[in-house]
Every structure is written in structure tokens, then in C-alpha cells.
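A look at the structure
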Amino acid sequence: MCLRAKPFYHKHEQILYDPSDSLISNEVRTMPICTSCTQSIPYLYTVYESEYNLRLEQCPKCHQFVDPYVEHDSLTILLDLILLKRGVYRHLLYNRGSKPRKLVGGGTNAALKGKQPATISQDEISRRECGRWFLVMQLGSALILVDAFIRWSYLNPHSVTPWTAETFISFFRVFLGTCAETVAFHGGIMLSCYSLMKLADLFQTWRLGGKPTQSSIRQEFRLSLISLSLFYSSLPKVFLLLLLTIWLPTGFPSSPPTENPLPDWAKLLWKHDSSAVASVLKVLDDDKLDREWIVRNVLGGMSAGFGLRVILDIHTMFTTIIILAGWASKTLVATLVSKWVGGNDSSGEAWLAYSIP
């Protein structure tokens, strides 16, 4: 049972976080954030005597529930990731694994355990960072394996032979090439993110004449969040590419034309300049429109920029520059490994054409 109510009031004391509270010496306070306004919050929800009896906390700034995804199942979270919902990114990157506030006892004498904002040591922060990198390795390995299979399917569209030693070697080369491109893309984005954020901080320091104030998002910034957000934002791209791999356009003969009269406005447009309209419509043909390239580069770049904006809290123009830097490093690596991955010149050119934005 999940009870949604206003923030808990313990007898005569209001249990709300005060952002002006000072930090405890020799400790760093790392708290979850509100998925609506990114305000730092000490706890996401309150747990009562039963593990399944909880109440979501309310943000003191925007008065919304701090993190509704606490009570959502994995399927809902996955669907919102594919739909690029900002709240689910903040939940997974900043709030997942946060400890709740526990209610000890019952009735009018109930007391709260964990009334003050949680503080953790540097060792705990390092342990969490290592755990986040381990999650990056797990998620990255799975996504790279799926992406390598998709690329291998496009490089060998008519391969229906069973898995032989030669087929396995061909797939292993594609897998290593995909790994190299992914590492180059993430490395270029990390380097450009670090450089751009340092320059932005220096500019704000020079402009304001002092240390600039940072938002809750910037205070919780870690390099591991870059790779994690990029892998999360690649889920829509991988999902659509997998669908295109399963249902490839076939070369069946077209059906006989049917007499479907066009509407009047379409007839006027067609009579006005039929050659121009026909040339525009031909671009959408299966033999001219490269759906895989559009999904991989256009949609993939847009979703990657969206994920970076969640963790960097900067203008869209800067995220575009960062994505272009990542594409440049990825293109350089793809050029170097194209012939080795393809095995011959034609397959290498196909790999390069499929990789370069």
C-alpha cells in the first residue's frame, strides 16, 4: 500500500529540509533531487513499519512529489526512457538507491529515524562512484553487443548460413569495431564536457568577480554520469534499429495501381509543379531514404544531447558542440578501423558509410 500525503509532521516539528543548513565537517552531503525542479531533498519517501507501506515526500520548492518513479515498475521506467522523459533520467542518475526515512514505532508517539539530511564520507562516495562505473560497464556491454549484431546484420544482409568459425570471426570484428567507436564517442564527449564546463566556470568567475553559484545538478556532477546518460539515451536508437533489423524493407513487386482519386488540393499542387513534387516524394523511397542512418545519427544525436542536458544543466548550443566533438572522435576511429572490421575494401566502405554522421 502506498499512501500519498503531504510531508510528515512529527508532533510539533516540521520535517522539511532547509537548504541553508551547513555541511558537517569532514563529510560530504549527497542527497537525491526532485525530479521536477532539481531541488536537493534529504529523502524521497518515508517507510513505516511495513516495507510496502510508504509515503512519497513532497518538494518544499515546487510542491510536487519528489520522485514518483519510486513506486513505478521496471517496464514503466523503460518505456519512459525510450520516450525521453526528463524525470526518469533524474531518477536513475541521482535518486536510485537512496535510503528512505524510516518511521519507528506507531501512533502518536511515532518518531522519525533519519530526521537530518543524510551525510556520507568520502569513502562511501568513492564506493558509489565505483558502483556507478560498474553499472556503466554492464549496461554498455549489453548495448554494444546488440548494436554490433545490428551492424553485422546490415553488413551481411543475405547471410543465412549457420554460425561457423568464419561467421564468428566476422561478428567478433564488428563487435570490436563497435567497442572502439563507442569508447571514442564517450571519450570525446567527456573531454569536451570537462573543457567546456571549466571554461564556463572561469568565464562566470571573471564576470561575477567571485566563485559562481552552482545548481544541485552541477554539484552532483560526476564523469560516470556522462557515460551512463549516453547509454540510457541510446535506448530509443537501439530499439528502433532493432525493429528495422527484424523488419527490413523487402523487394516484393509493387501491387497493381488502384484508382484512388486525389483530393482537389492535391490535384492543384500536382498540376502546379509535378516534377518538383515527384522529386520530393522520391526521396522517401526505400532505395533512396536510409532509415538506419537517420535513426543512428539524427535520432541518436538528439537523444544524446537530451541526456547530456539533464546532467550538465547548460544551453542547447553547448550540448550541440559537445555532440559534434564526440562525432568527430568517433569518425576518426571509424576511419582507422573500417578496413580491418570489414575484411575487404567494399565492406570497409560500407562500415564507414554506416558509421560516419
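Residues numbered from 1 in each chain as written. Predicted model: local features only at pLDDT ≥ 70, side-chain atom pairs only at ≥ 80, totals over all residues. Heavy atoms only, no water.

1. Let's talk about the overall build of the protein
- Looking only at helices and strands, one finds twelve helices and seven strands in the protein.
- For the protein, buried positions account for 39% of its 357 residues.
- A sequence separation of at least 24 residues applies to 69% of the contacts in the protein between residues at least 6 apart.
- Working note: accessible area of the protein is about 21400 Å², and carbon and sulfur atoms make up 62% of it. (Helix = DSSP H or I, 4+ residues; strand = E, 2+ residues; numbered from the N terminus. Buried < 20%, exposed > 50% of the residue type's maximum accessible area, 1.4 Å probe, protein only. Contact = heavy atoms within 4.5 Å. Areas by Shrake-Rupley, 256 points an atom, 1.4 Å probe, with all protein chains shown as cover.)

2. Thoughts on a nonpolar patch on the surface
- A contiguous nonpolar patch, built from Phe 149, Trp 163, Phe 168, Ile 169, Phe 172, Leu 176, Leu 242, Ile 246, Trp 247 and Trp 340 and spanning about 1100 Å² of accessible area, is present on the exposed surface.
- The set of elements that each furnish at least two residues to the nonpolar patch consists of helix 4 (165–208) and helix 7 (235–246).
- As for its placement among the helices and strands, Trp 163 is situated in the loop between helix 3 (122–155) and helix 4. (Patch = residues over 30% accessible without salt bridge, like charges linked within 9 Å, V, L, I, M, F, W, Y side chains within 5 Å. Salt bridge = Lys/Arg side-chain N within 4 Å of Asp/Glu carboxyl O.)

3. A closer look at the packing of helix 1 (residues 74–82) against helix 7
- Packing of helix 1 against helix 7 leaves a shortest axis separation of 8 Å and a crossing angle of 90°. With respect to their mutual orientation, helix 1 and helix 7 come out roughly perpendicular. Seen from helix 1, the contacting residues are Leu 78, Leu 81 and Ile 82; seen from helix 7, they are Leu 235, Pro 236 and Phe 239. (Axes fitted to C-alpha atoms, helices over the stretch in contact; angles between N-to-C directions. Parallel < 35°, antiparallel > 145°, perpendicular 65-115°, else oblique.)

4. A few points about the environment of Gly 326
- With respect to the secondary-structure elements, Gly 326 resides in helix 11 (residues 316–342).
- Judged by its relative accessible area of 0%, Gly 326 is buried.
- It is 9.8 Å that separates the C-alpha atoms of Gly 326 and Gly 301, two residues lying 25 residues apart in sequence.
- Each residue touching Gly 326, except ones within four places of it in the same chain, is listed here: Phe 185, Gly 188 and Ile 189.

5. What to know about the packing of aromatic side chains
- Overall, the coordinates contain four aromatic pairs when judged by the stated rule.
- Taking 5.4 Å as the distance between ring centres and 80° as the angle between the ring planes, the aromatic pair formed by Tyr 89 and Phe 306 counts as edge-to-face. Here Tyr 89 is found in helix 2 (residues 86–95), whereas its partner Phe 306 is found in helix 10 (residues 291–312), with 217 residues between them in sequence. Across the pair, Phe 306 and Tyr 89 agree in class, each one buried.
- Arranged with centres 6.3 Å apart and planes meeting at 85°, the rings of Trp 152 and Phe 171 form a pair that is edge-to-face. (Phe/Tyr/Trp six-rings, centres within 6.5 Å; stacked < 30°, edge-to-face > 60°.)

6. Quick word on the pattern of salt bridges
- Under the definition given, this model contains six salt bridges.
- A salt bridge links Arg 151 to Asp 147; its shortest N-O distance comes to 3.9 Å. Of this pair, Arg 151 and Asp 147 both sit in helix 3, separated by four residues, roughly a single helical turn.
- On the accessibility criterion, Arg 151 (3% relative accessible area) is buried.
- For Asp 147, the salt bridge is made with Arg 296, and the minimal N-O distance between the two is 2.6 Å. Residue Asp 147 is located in helix 3, and its partner Arg 296 is located in helix 10; the two are separated by 149 residues in the primary sequence.
- Three or more residues are tied together by salt bridges with common partners; here these are Asp 147, Arg 151, Glu 181 and Arg 296.

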